Amino acid sequence: MIKPTPWDSAAFGMPTFELTEYSEAALEAASHTPGHYTVKVDPLADKAPLHAHGFYYCDTLLTTSGVAARLPDLVPPPGLHVSKQVDPAAVLAICNGAFSHGRFHRDFLLPRERADLRYDNWLAQLLDAHNVYGLFRDDELGGFIGINGASLVLHAVAPSMRGQGLAKYWWHAVIRELFAAGHPTVTSSISASNVAVVNLYASLGFSFLDPLDIYHTKVT
């Protein structure tokens, strides 16, 4: 009904939890234990119980899924490539502050610098597991994509590389490698408010499934 989220607790310095079900019992249980809470609900669900228990809207997540047959053929411009051989410090420098669309950054009760730390910690774990692709133009690092199995779980492009039409080639290269490794589908979860990334996945033949509204609250 309620599960701890220690990775979030480490960043925010308080107990953090996720409700594993949307029910009056779960909402009532959360109201008696101090900490920060997350619950994911169907966008069409009745939100009145959430508001009654002090929960507030933070984001809508879209699950996106692609198959090899729908991945378009793309020829990257010269010099663009991806590699897992990366400088962790350089990758972390791009990550810090890159997730303004994230639900933690949009939560008015959480410090922005702690929200940055949450994503930095996640990326550090992916780097330790060798699950991060660097996105390169020639020898210059232009961003990263962190993966978990066949899912693209964390990604960003450096400010100096944005707006140049490069991302679709980098994403295409990573997705193609995952298909080549035998994965039948590749997935990601993205904020509906991040229109640039929504359009990016659409341009690569991905479908959008299972939207979820995310609500937070802080119990003191």
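Above this text is the structure in question.
Cut-offs applied
- Residues numbered from 1 in each chain as written.
- Predicted model: local features only at pLDDT ≥ 70, side-chain atom pairs only at ≥ 80, totals over all residues.
- Heavy atoms only, no water.
- Helix = DSSP H or I, 4+ residues; strand = E, 2+ residues; numbered from the N terminus.
- Polar contact = N/O pair within 3.5 Å; in protein donor to acceptor, adjacent residues only side chain to side chain.
- Contact = heavy atoms within 4.5 Å.
- Salt bridge = Lys/Arg side-chain N within 4 Å of Asp/Glu carboxyl O.
- Buried < 20%, exposed > 50% of the residue type's maximum accessible area, 1.4 Å probe, protein only.
- Expected span 1.5 Å × (residues − 1).
- Phe/Tyr/Trp six-rings, centres within 6.5 Å; stacked < 30°, edge-to-face > 60°.
- Lys NZ or Arg CZ within 6 Å of the ring centre and 35° of its normal.

Asker: What is the right way to look at the side chain of Asp107 in this model?
Answerer: Mapped onto the fold, Asp107 is located in the loop between helix H4 (88–95) and helix H5 (112–128). A distance of 2.8 Å separates the side chain of Asp107 from the side chain of His36, its partner in a polar contact. Every residue in contact with Asp107, bar those within four places of it in the chain, is listed here: His36, Tyr56, Cys58 and His216.

Asker: Looking at this model, I keep getting lost on the pattern of salt bridges. Mind explaining?
Answerer: In a structure, side chains of opposite charge can pair up when their charged atoms sit close to one another. Using the criterion set out here, one finds 3 salt bridges in the structure. Of the charged contacts, one joins Arg118 and Asp8 as a salt bridge, the two residues approaching to 2.7 Å between their closest N and O atoms. With Arg118 in helix H5 and Asp8 in helix H1 (residues 6–12), the pair connects residues that are 110 residues apart, well separated along the chain. Summarising the burial analysis for this pair, Arg118 and Asp8 share the class buried. One salt bridge connects Asp59 with Arg106, and the closest N-O pair in it is separated by 2.7 Å. In this pair, Asp59 is assigned in strand S4 (residues 56–67) and Arg106 in the loop between H4 and H5, connecting sequence segments 47 residues apart. Classification of Asp59 as buried rests on a relative accessible area of 2%.

Asker: Teacher, can you tell me more about the side chain of Thr38 here?
Answerer: Relative to the elements of secondary structure, Thr38 occurs in strand S3 (residues 35–41). A polar contact is formed between the side chain of Thr38 and the side chain of His216, at a distance of 3.4 Å. The residues contacting Thr38, other than those within four sequence positions of it, are Phe17, Glu18, Leu19, Arg103, Ile214, Tyr215 and His216.

Asker: How do you make sense of H5 when you look at a structure like this?
Answerer: What sets the pattern is the α-helix's 3.6 residues per turn: residues three or four places apart point alike. Taking 1.5 Å per residue as the helical rise, H5 with its 17 residues ought to reach 24 Å, and the 25 Å between its terminal C-alpha atoms agrees with that figure. Looking at H5, one finds that the buried residues are Ala115, Asp116, Arg118, Tyr119, Asp120, Leu123, Leu126 and Leu127. Of the surrounding secondary structure, the elements contacted by the buried residues of H5 are H1, H4, strand S6 (132–137), strand S7 (140–148) and strand S8 (151–157). The first or second residue beyond H5 is His130, which carries a positive phi of 60°.

Asker: Which parts of the structure should I look at to understand the packing of aromatic side chains?
Answerer: In this description, an aromatic ring pair is defined by two values, namely the gap between the centres and the angle between the planes. Per the counting criterion, the structure on display carries 7 aromatic pairs. Ring centres of Phe12 and Phe104 lie 5.3 Å apart, and the angle between their planes is 35°; this geometry places the pair in the tilted category. Taken as a pair, Phe12 in helix H1 and Phe104 in the loop between H4 and H5 lie far apart in primary sequence, 92 residues in all. The class of Phe12 is buried, set by a relative accessible area of 7%. Judged by centre distance (5.8 Å) and plane angle (75°), the ring pair of Tyr57 and Tyr215 falls under edge-to-face. Linking Tyr57 in strand S4 with Tyr215 in strand S10 (residues 207–219), this pair joins segments that are 158 residues apart in sequence. By relative accessible area, which is 6% here, Tyr215 ends up buried. A network of ring pairs unites the aromatic residues Phe12, Phe99, Phe104 and Tyr119 as a single cluster. The lysine or arginine in question, Arg118, covers the ring of Tyr119, its NZ or CZ lying 5.2 Å from the ring centre.

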